[in-house]
Amino acid sequence: MTTPESRLPGPERSPGFLLWRVTLAWQRAMRAALAPHDLTHVQFVLLTTTWWLTRGGEPPTQRQLAEQAGTDTMMTSQVVRKLAERGLLTRADDPADARAKRLEVTPAGLELVAKALKDVEAADASFFDGVGDEFTDALARLSP
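Structural notes, computed from the coordinates.

Basis of the calculations
Residues numbered from 1 in each chain as written. Predicted model: local features only at pLDDT ≥ 70, side-chain atom pairs only at ≥ 80, totals over all residues. Heavy atoms only, no water. Patch = residues over 30% accessible without salt bridge, like charges linked within 9 Å, V, L, I, M, F, W, Y side chains within 5 Å. Areas by Shrake-Rupley, 256 points an atom, 1.4 Å probe, with all protein chains shown as cover. Salt bridge = Lys/Arg side-chain N within 4 Å of Asp/Glu carboxyl O. Helix = DSSP H or I, 4+ residues; strand = E, 2+ residues; numbered from the N terminus. Pairing = 2+ DSSP bridges. Axes fitted to C-alpha atoms, helices over the stretch in contact; angles between N-to-C directions. Parallel < 35°, antiparallel > 145°, perpendicular 65-115°, else oblique. Left-handed = near helix turned anticlockwise from the far one by under 90°. Contact = heavy atoms within 4.5 Å. Expected span 1.5 Å × (residues − 1). Polar contact = N/O pair within 3.5 Å; in protein donor to acceptor, adjacent residues only side chain to side chain. Buried < 20%, exposed > 50% of the residue type's maximum accessible area, 1.4 Å probe, protein only.

### A few points about a nonpolar patch on the surface
Together, Val 131, Phe 135, Leu 139 and Leu 142 make up an exposed nonpolar region whose accessible area comes to about 360 Å². You can see Leu 142 is positioned in helix 6 (residues 133-142).

What follows is the structure, given as structure tokens:
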């Protein structure tokens, strides 16, 4: 029988395990911040990312949104459809590409983004209190 060996003394020194634990705790904080807005975290990310992308120019396509958010294109399509059904986004055919959909946040969506973003950013500030810009810089270096 092979005995497992680790270069680490225990999980408290494993970066992957620590990231797992921190991620779970942060996700709980995000769910709590978004619950009053009747948004899941992925809905919030896709709605807010659409708003961010639109601020930079023309409305993004669903593919551009998925690439920016790092989400699966099929899942993005399903969530975007649900957000559109709630009147938070519009999906319009792209005149240059019949297969593509251009996305825009509706006035109701903008109002929800404004409220939810304030609560999410407050939850983030509270959760990450005590870590500096170096931490954010390190996360940015790890992000694909």
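### Description of the pairing of strand 2 (residues 97-105)
In this structure, strand 1 (residues 89-94) lies alongside strand 2, joined through 6 bridges in antiparallel fashion. The residue bridging Asp 93 from the neighbouring strand is Lys 101, located in strand 2.

### Observations regarding the packing of helix 3 (residues 62-69) against helix 4 (residues 73-85)
One way to put it is that helix 3 packs onto helix 4 with a least axis distance of 9 Å and a crossing angle of 115°. In terms of orientation, helix 3 lies roughly perpendicular with respect to helix 4. For the crossing formed where helix 3 meets helix 4, the hand is right-handed. Contacts from Gln 62, Arg 63, Leu 65 and Ala 66 in helix 3 reach Thr 73, Thr 76, Ser 77 and Val 80 in helix 4.

### Some words on the environment of Ala 108
Counting through the fold element by element, Ala 108 comes out in helix 5 (residues 107-127). Taking C-alpha positions, Ala 108 is 11 Å from Leu 47, a pair spaced 61 residues apart along the chain. Residues contacting Ala 108, with those up to four places away along its chain left out, are Gly 87 and Leu 88.

### Focus: helix 4
Over its 13 residues, helix 4 runs 18 Å from end to end, which matches the ideal 18 Å to within 8%, given 1.5 Å per residue. Against helix 2 (41-55), helix 3, strand 1 and strand 2 lie the buried residues of helix 4. Where helix 4 begins, the capping side chain belongs to Asp 72, and its oxygen is found 3.0 Å from the backbone nitrogen of Met 74.

### Observations concerning helix 5
The first and last C-alpha atoms of helix 5 sit 30 Å apart over 21 residues, in line with the 30 Å expected at 1.5 Å per residue. Residues of helix 5 that are buried: Gly 109, Leu 112, Val 113, Ala 116, Leu 117, Val 120 and Ala 123. Contacts made by the buried residues of helix 5 are with helix 1 (15-34), helix 2 and strand 2.

### Side note on the pattern of salt bridges
One pass over the full model with this rule turns up 6 salt bridges. Across the pair Glu 58 and Arg 102 runs a salt bridge, and its minimum N-O distance is 3.4 Å. Remark: Arg 102 occurs in strand 2 and Glu 58 occurs in the loop between helix 2 and helix 3; sequence separation between them is 44 residues. Residue Arg 102 is classed as buried on the basis of its relative accessible area, which comes to 15%. Of the charged contacts, one joins Glu 111 and Lys 115 as a salt bridge, the two residues approaching to 3.3 Å between their closest N and O atoms. Residue Glu 111 and its partner Lys 115 are located together in helix 5, separated by 4 residues, close to a single helical turn.

### With respect to the environment of His 41
Mapping His 41 onto the fold places it in helix 2. In this structure the C-alpha to C-alpha distance between His 41 and Leu 18, which are 23 residues apart in sequence, comes to 21 Å. Every residue in contact with His 41, bar those within four places of it in the chain, is listed here: Trp 26, Met 30 and Leu 34.

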